[in-house]
Amino acid sequence: MSIFSIGVGGLNAAQMGIMTSGHNISNASTPGYSRQSISQGTNNAIVTGAGFVGQGVHVQTVKRTYDEYMAKQVLHAEAGASEMDSYTTQISQIDNLLADVSSGLSPALAGFFKGVQDVAANPSSIPGRQSMLSASSLLTERFHALDDKMTEVRLGVNSYIANYTKEINVYASQLADINQRIMIARTGISTQAPNDLLDKRDQMIKELNQLVRVTTVVQGEDVNVFFGKGQPLVVGAQYNTLVAMVSPEDQEKFVVGMIGEGSLPIAVPESQVSGGKLGGILAFRSQTLDKAQNYLGRVAVTIAQNFNDQHNLGMDLTGALGGDYFKVPPPNLKQNASNTGSGAPTVAFDTANMAYLSGSDYRLSFRSGQFQLLRLADAQAQTFASLPQTVDGIQIDLGDWVPNENDSFLIEPTRTGARNLGILLSDTRSIAAAAPIRTSTALINSGTGAIDAGVVVDTANPSFTNFNVTGQIAPPVLIQFDHPPTTYSLYDNTDPALPVLIQGNIAYTAGADVFPTASGLDYGYRIKISGVPASGDQFSVGGDITGIADNRNAMLLGALQTKSTMNASVNVGPTASYQSAYSQIVSFVGSKSSEVQAIGASQQTLADQSNSILQQVAGVNLDEEAANLLRYQQAYQASAKILSIATKIFDEILSLGR
Amino acid sequence: MRVSTGMIFDAGVVALNRQSAKMLHLQQQVATGRRILTPSDDPVNAARALEVTQSRDVVAQFKDNHNNANSALGLAEAQLSSSNDLLVRIRELAVQGGNSSLTGDDRRSVAFELRARFEELLGIANATDGSGNYIFSGYMGSTKPFGGTVDDTLAGNEIVYQGDDGQRRLQVSPTRYMEISDSGNDVFKRIRNGNGYFSTDYAKTNSGTAVIDAGSIMDTTKWNALANRKFDIAFSIDDTALPPVTYYDILDVDPNSPTVGNSLLTGAPPVLPPTAQSGQRVYESGQPITFKSQGSEPAFDLGGSVLINGDPAAGDSFSIRPSTSQSVFSTIGKLIGALEGATTGNERSMTSLANDVGFSLTNLDQATDNILRIRAQIGSRLGEVESLSNVNEDLGLQYQQTLSQLQDLDYAKAITDLTRSQTDLDAAQKSFSMISRLSLFDKI
């Protein structure tokens, strides 16, 4: 009888082998599928006097071939690769934009200064002035367009965060469910593994890991999943829900929040979330987008402020002092939602030190009676006992702020600089191409003394108070050389027929500034007399009324193009022009982009290699399965033969009785 | 090594993708002719290219400015050249009019032409450029620089300059701001009269026939070092001698001087009538009167001398004053006045005319020199613009080359690369289709 059972056992085993091979063949391209194989064992032998007689075969288990260690390697590399992949997708949007020949800032910047130079060449020409105004609006439009794109990308980041957290939640809930099902499946037969469920769970972790880097810990039948620095996502059959929430510090940005004990989400610090698409998008925002947008804004506000400062020193075609040309966007100040104090500090640019703007954001917080200012770009902190303080080109004043402990404000000096840049001037005549003062040398002079054209340094000086009404500085100054001409006297020349002495006996040094005088008299402009004046020689300074062909201020405005006005450090002073500061953004974004692509490529290669090694072990080879099919087919045929022989033997026995 | 069927397909797809991406990149490079498609291709050179582009644009801007400077300077030069020609003609007329043998009608016709020339010169001084701005009005481009007529000058009024002393400039190189205009003051008015150090004149009350020249300076430092520079040469005659001797004295007449009224020759107020002992020098017609102590005179040295010809009368005097500015209009006006006011046959009138024409010739020469000086300046500015233009052109070419090196594609290399990656892709495709066809299932 045992021959039959041996034959049947053989048949069953071969059948199971064929089924398993068939399962492998049909799942050859199922993602995450690990090949399965049967493991056969001999049945217990029967003890006879002749020894142990074998009783055939049975299938012990169907096992999956899997390499836990390699799978971890794959997870690690894939989290990196997908992080860099999403980073690259985002950064390439602004990378292409910035240096483009037609859409970048450079051509608009060059066009703008060409407009200024055209006015300098032809200060009284209205068409020239019109073209400068048009070039200015082109420049501001270009700043807006670049910023719009960045803002669009920023909003995109917010919606990505919302989508990714939703996807992560789906995976988390499914993983919790699978944990549960595996536990139930194992409850009956703890020795047999639910291979396909395990594959499914591993595949799910792999997909989740591409959204955010996770670590797994096996606990009994469960796999617990953590993300970031140990934030639990799935524990057994329980899972935590992530949400995209508005940052308490910056109401314009979404951060990842976790719904904990209560139903209120708590923000997960960005440094805690890394890897995967979510990590990539957060890293892109904090490392590249913030910096690029701040830097762009910094170029915008610096141009605007420098240009205004110089424009204020000029005189327009109507004979009035130059007004503000650009609207300079003020720094952003954002109140932390958890502040308990009242009021807010005020933040403004320190207009004389625009070159020191760093392009970083700052956090101003109040702790233990002191103000702490943290520069977020390099985490450098400064502590002040009181306000106001001037730091990096911004001036922080207490305003009406009544701070409580741990209250904080986020200061973004240049974030919206490009977005809110505007032009205040619309009348072509209001472009201040001329300088408001002019100097002259009296015809009676017999010496060789000469006075230069003068430079205006401060039109807020009282001597310019009535300029817009009278077109004259107060007072117009007459400089007369004494006898002997080693000294000179300053006269108020309001009535040229009757000059009134202001200050006398001032020692003459050829080529030295007349103002400020040794006693500190300063009228807001600088003039120099050189050469050898004779006694009685006269020089005068007055308002440049009707000086419509004067282009002195336009030339100074034009000179701003190549002047070093940005990136100042304390010991070196300004080191970059607007164009080089902009090129710096281009090279920063370009380098970052190429760096991210390179890291992404190497992570991808690593992931491909690990995957390939895992596939070597766990992947299905159709040729192998074909061979297995043949093998089990033959085993089946052979087992069938055993049955047929057993039947024949049985028939022989029966025929004996016939 | 165990190979799974999935690996064969995955590896094939990855290889094909990689080759296609490479080909796409090369194709884009070839199609645009640019080596750097996005800054990430070469961040450093992409940023550098932007900066070089600005430098190139700035150079192009300078080129525009050079053209503007050239036309402005050329225009001024043309006007000044015409005024030079005018002054030559006026000088000829002055010489002609100074001829004492002319009749009153002849002189009037000379004066008539001078009036026409005067108007012509005024027209040049009020010339405008292509856009209607006055050339010689300084910053005040819309203000007519010189107002008034020749009759104003004759009435003793100046031709008033209504512009200012501003010099328009243009940036012609990173560091050079070139003057492209000269004020009317500098061109037509700030002209030293006399010999440039002092000017001479005769007293209107003179009754002799003495004529003074413009004087000459031997030692400019001595003249410049003087604190007080107003002197008179006063003539007196000792009638007691036979024949009467004409003396002259040099008097300090500067009201600021502590020794005002004193004679330089004696250091004391002059003694009149003169005697051989009273300290005055003896006058001889045509002999230089040097402003330097001689013999027992107290030490003084003004560094110059004048020449007086003719016979002065007692009480005649000539003044020596420091040079001041005298406009070319005023010089011509004075000449016209002198010609029109002269009476033929009247000796005194003829003496004044001789003096006045002499002064006019001196001052016309000064005006010519001044205009020549300014033309020389304009000429050197034009030369500078030209050489800057040349440098600029080279620089522009250089920037263009640098830019080309930074961002342009090496076509030979790109096409070679493209061909090679086409071969690579081809091989990848063929080998993939070969290996993927192998299956044991085909055999059983």
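Nothing here was measured: the structure is a model prediction, and the numbers come from that model.

**Q** Quick rundown of the overall build of chain B? Include the residues and the values.
**A** Scanning chain B from terminus to terminus reveals nine helices and 13 strands. Computed over C-alpha atoms, the radius of gyration of chain B comes to 42 Å, more than 25% over the 22 Å expected from 2.2 N^0.38 for 444 residues, which places it beyond the range of a compact globule. Counting only C-alpha atoms and orienting by the principal axes, one finds that chain B spans roughly 160 × 50 × 30 Å. Scored against the burial criterion, the 444 residues of chain B give a buried share of 38%. Here the contacts in chain B between residues at least 6 apart in sequence split such that 69% fall between residues at least 24 apart.

**Q** Talk me through the overall build of chain A; I want residue IDs and the actual numbers.
**A** When helices and strands are counted, chain A shows 10 helices and 30 strands. By the compact-globule yardstick of 26 Å for 658 residues, chain A is too spread out, its C-alpha radius of gyration being 41 Å. Considered along the principal axes of its C-alpha atoms, chain A spans approximately 165 × 50 × 40 Å. In chain A, which comprises 658 residues, the share counted as buried stands at 43%.

**Q** Provide a residue-level description of the confidence of the model for chain B, including the pertinent values.
**A** The predicted model of chain B has a mean per-residue pLDDT of 91, with 100% of residues at 70 or higher. ipTM for the predicted complex: 0.83, alongside a pTM of 0.87.

**Q** If you had to explain the nonpolar core to someone new, which residues and values would you point to?
**A** Leu109, Leu175, Ala300, Tyr582 and Val586 of chain A together with Leu114 of chain B are the most contacted members of the largest nonpolar core, which has 221 residues in total. Among the elements that line this core, the one with the most residues is helix α2 (residues 43-98) of chain B, at 18 residues. Apart from the residues lying within four places of it in its own chain, the contact partners of Leu175 of chain A are Arg201, Met204, Ile205, Val225, Val234 and Tyr239 of chain A.

**Q** Please set out unusual backbone geometry residue by residue, giving values where relevant.
**A** A cis amide bond links Ala474 of chain A with the next residue in sequence, Pro475 of chain A, at an omega value of -5°. Note that the residue after Leu242 of chain B, namely Pro243 of chain B, is joined by a cis bond; omega there is -10°. With respect to the element layout, Pro243 of chain B can be found in the loop between β8 (231-238) and β9 (245-252). In this structure, Ala379 of chain A is a non-glycine residue whose phi angle is positive, near 55°. Looking at the element boundaries, Ala379 of chain A is found in the loop between β16 (370-375) and β17 (380-384). For Ala379 of chain A, a count of 8 C-beta atoms within 10 Å puts it in the exposed group. The residue Asn567 of chain A is not glycine, and still its phi comes out positive at about 55°.

**Q** Describe the environment of Leu438 of chain B, listing the residues and the values that go with them.
**A** Tracing the sequence through the fold places Leu438 of chain B in the segment after α9 (411-437). For the pair Leu438 of chain B and Ser20 of chain B, spaced 418 residues apart in the sequence, the C-alpha separation amounts to 25 Å.

**Q** Tell me about the interface of chain A and chain B, and please be specific about residues and values.
**A** Contact residues are listed per partner, giving 63 residues for chain A and 55 residues for chain B. Going through the elements one at a time, α2 (68-98), α3 (105-121), β22 (437-441), α8 (552-559), α9 (578-618) and α10 (622-656) of chain A are the ones with two or more residues in the side of chain A that touches chain B. Examining the composition of the side of chain A that touches chain B, we find that 17 residues originate from one element, α9 of chain A, more than from any other. Taken together, the residues of the side of chain A that touches chain B break down into 22 nonpolar, 34 polar and seven charged.

**Q** I'd like a description of the packing of α3 of chain A against α2 of chain B, backed by residues and values.
**A** At a minimum axis distance of 11 Å, the contact between α3 of chain A and α2 of chain B shows a crossing angle of 20°. Taken together, the axes of α3 of chain A and α2 of chain B lie roughly parallel to each other. Both α3 of chain A and α2 of chain B take part in a crossing whose hand is right-handed. Touching Ser106, Ala110, Lys114, Gln117 and Ala121 of chain A of α3 of chain A are Leu50, Thr53, Gln54, Asp57, Gln61, Asp64, Asn65 and Asn68 of chain B, all from α2 of chain B. Split into classes, the residues belonging to the contact of α3 of chain A with α2 of chain B amount to three nonpolar, seven polar and three charged.

**Q** Account for helix α3 (residues 104-125) of chain B, with residues named and values stated.
**A** All names here are of chain B. When the terminal C-alpha atoms of α3 are compared, their 31 Å separation across 22 residues agrees well with the 32 Å that a helix rising 1.5 Å per residue should span. All of the buried residues along α3 are Arg107, Val110, Ala111, Leu114, Phe118, Leu121, Leu122 and Ala125. All buried residues of α3 lie within an arc of 120° about the axis, which places them on one face of the element. For α3, the exposed residues lying more than 90 degrees away from the buried face are Asp105, Ala116 and Glu119. Buried residues along α3 sit in contact with α2, β1 (146-147), α4 (150-154), α5 (184-189) and α7 (328-341).

**Q** Which residues make up the pairing of strand β10 (residues 254-259) of chain A, and what values go with them?
**A** Residue and element names in this part refer to chain A. Across the six residues that make up β10, a large majority, five, are buried. When strand β9 (residues 241-246) meets β10, the two strands line up antiparallel, connected through six bridges. If you follow Ala244 over to β10, its bridge partner there is Val256. In this structure, β10 lies alongside strand β11 (residues 265-267), joined through three bridges in antiparallel fashion.

**Q** Before we move on, could you go through the sheet that holds β9 of chain A and cite the residues and values that matter?
**A** Strands belonging to one sheet form pairs held by backbone hydrogen bonds; the direction of such a pair is parallel or antiparallel. Residue and element names in this part refer to chain A. Read across the sheet, three strands follow the order β9-β10-β11 without closing on themselves; strand pairing throughout is antiparallel. With one partner strand each, in any of the chains shown, β9 and β11 form the two edges of the open sheet. Ignoring strand direction, the axes of neighbouring strands in this sheet form an average angle of 45°. Against the sheet, helix α4 (residues 126-188) makes contact with β9 and β10, and its axis sits at roughly 165° relative to β9, the strand it touches most.

**Q** Run through the environment of Met16 of chain A, naming residues and quoting values.
**A** All names here are of chain A. Tracing the sequence through the fold places Met16 in helix α1 (residues 2-26). Measuring from C-alpha to C-alpha, the distance between Met16 and Val62 comes to 9.1 Å, with 46 residues separating the pair along the chain. Excluding its chain neighbours within four sequence positions, the residues that come into contact with Met16 are Ile38 and Val59.

**Q** Outline the pairing of strand β12 (residues 301-309) of chain B, supporting the account with residue identities and numerical values.
**A** All names here are of chain B. Where strand β6 (residues 211-212) lies against β12, two bridges are found, and the strand directions are antiparallel. Each residue of the ladder has a partner; that of Val211, found in β12, is Asn309. Bridge analysis of strand β7 (residues 216-217) against β12 gives two bridges, and the strand direction is antiparallel. Bridging across to β12, Ile217 finds its partner in Gly304.

**Q** How would you explain the sheet that holds strand β19 (residues 394-397) of chain A if you had to name every residue and give the values?
**A** Residues and elements named next belong to chain A. Spatial strand order, β14-β19-β18: three strands in an open sheet with antiparallel pairing. Each edge of the open sheet carries a strand with a single partner, namely β14 (346-349) and β18 (389-391). Each strand axis lies, on average, 25° off the axis of its neighbour in the sheet, ignoring direction. Strand direction decides the pairing type here: β14 and β19, joined by four bridges, are antiparallel. In the sheet register, Thr346 faces β19, and the bridge partner there is Asp397.

**Q** Pulling in residues and values, what's your account of the packing of α2 of chain A against helix α5 (residues 195-211) of chain A?
**A** All names here are of chain A. The geometry of α2 relative to α5 is characterised by a closest axis approach of 8 Å and an angle of 25° between their N-to-C directions. Considering their axes alone, α2 and α5 lie roughly parallel with respect to each other. For the crossing formed where α2 meets α5, the hand is right-handed. Across the interface between the two elements, Ala71, Leu75, Glu78, Ala79 and Ser82 of α2 pack against Asp202, Lys206, Asn209 and Gln210 of α5. Partitioning the contact of α2 with α5 into residue classes produces three nonpolar, three polar and three charged.

**Q** Just give me the short version of the environment of Lys648 of chain A, but keep the residues and values in it.
**A** Residue and element names in this part refer to chain A. By the secondary structure assignment, Lys648 is in helix α10. Here Lys648 falls in the exposed class, since 10 other C-beta atoms lie within 10 Å of it. As a C-alpha pair, Lys648 and Gln634 span 14 residues in sequence and 20 Å in three-dimensional space.

What counts and what doesn't
Residues numbered from 1 in each chain as written. Chains lettered and ligands numbered in written order. Predicted model: local features only at pLDDT ≥ 70, side-chain atom pairs only at ≥ 80, totals over all residues. Helix = DSSP H or I, 4+ residues; strand = E, 2+ residues; numbered from the N terminus. Rg over C-alpha atoms; globule rule 2.2 N^0.38 Å. Buried ≥ 20, exposed ≤ 12 C-beta atoms within 10 Å, placed from the backbone. Contact = placed C-beta atoms within 7 Å. pLDDT = per-residue confidence, 0-100. Core = buried A, V, L, I, M, F, W, Y, C linked by C-beta atoms within 7 Å. Nonpolar A, V, L, I, M, F, W, Y, C, P; charged D, E, K, R; others polar. Axes fitted to C-alpha atoms, helices over the stretch in contact; angles between N-to-C directions. Parallel < 35°, antiparallel > 145°, perpendicular 65-115°, else oblique. Left-handed = near helix turned anticlockwise from the far one by under 90°. Expected span 1.5 Å × (residues − 1). Arc of directions from axis to C-beta. Pairing = 2+ DSSP bridges.

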